[in-house]
Amino acid sequence: MKAQWILISILFFGLLTAIFAAINTEPVNVHLIFTDMQLPLIIIILSSTLLGGLILGLIGMSKQYKLKRTIKQLEKQLNEAQMAHAVPTSAASTDAGSLPLSYAAPEKMPSSEL
């Protein structure tokens, strides 16, 4: 549901930008570092919007990459911790009904402590 609202918001913003750009078609002076140019305002508006979207997308992709890398590191640490606490098979009891003390089910807490 959240993805649908994001898509609707993006489409609405794009439509608003396109309408605003279509209204503003007169040429304007653009002062760049080494030169001055005269461009239609519609090109400046649309290119600025596109450039902003690309920058935002790159920032989002870098955050996604960092989060995935963090998840992989944490999963690796979790697996290492689980392996360190695992009971070796040679030390395991032959009686299938008995569990090591660390694997025993926790006692029930009285409902007043919940």
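How each quantity is defined
- Residues numbered from 1 in each chain as written.
- Predicted model: local features only at pLDDT ≥ 70, side-chain atom pairs only at ≥ 80, totals over all residues.
- Heavy atoms only, no water.
- Helix = DSSP H or I, 4+ residues; strand = E, 2+ residues; numbered from the N terminus.
- Buried < 20%, exposed > 50% of the residue type's maximum accessible area, 1.4 Å probe, protein only.
- Contact = heavy atoms within 4.5 Å.
- Pairing = 2+ DSSP bridges.
- Axes fitted to C-alpha atoms, helices over the stretch in contact; angles between N-to-C directions.
- Parallel < 35°, antiparallel > 145°, perpendicular 65-115°, else oblique.
- Left-handed = near helix turned anticlockwise from the far one by under 90°.

### A few points about the overall build of the protein
- When helices and strands are tallied, the protein shows two helices and two strands.
- Mapped from its N terminus to its C terminus, the protein presents α and β elements in the order α-β-β-α.
- Counting all 114 residues of the protein, 4% fall into the buried class.
- Contacts in the protein between residues far apart in sequence, at least 24 positions, make up 20% of those at least 6 positions apart.

### Quick look at the pairing of strand 2 (residues 36-40)
- One ladder, built from five bridges, connects strand 1 (residues 27-31) with strand 2; its direction is antiparallel. Bridge pairing links P27 to P40 in strand 2.
- Between strand 1 and the antiparallel strand that follows it, strand 2, lie four residues.

### What to know about the packing of helix 1 (residues 2-23) against helix 2 (residues 41-85)
- For the pair helix 1 and helix 2, the least separation of the axes is 8 Å and the interaxial angle reads 160°. As judged from the angle between their axes, helix 1 and helix 2 are roughly antiparallel. Where helix 1 crosses over helix 2, the two elements pack in a sense that is right-handed. Here helix 1 contributes F13, T17, F20, A21 and A22 to the contact with helix 2, which in turn contributes I42, I45, L46 and T49.

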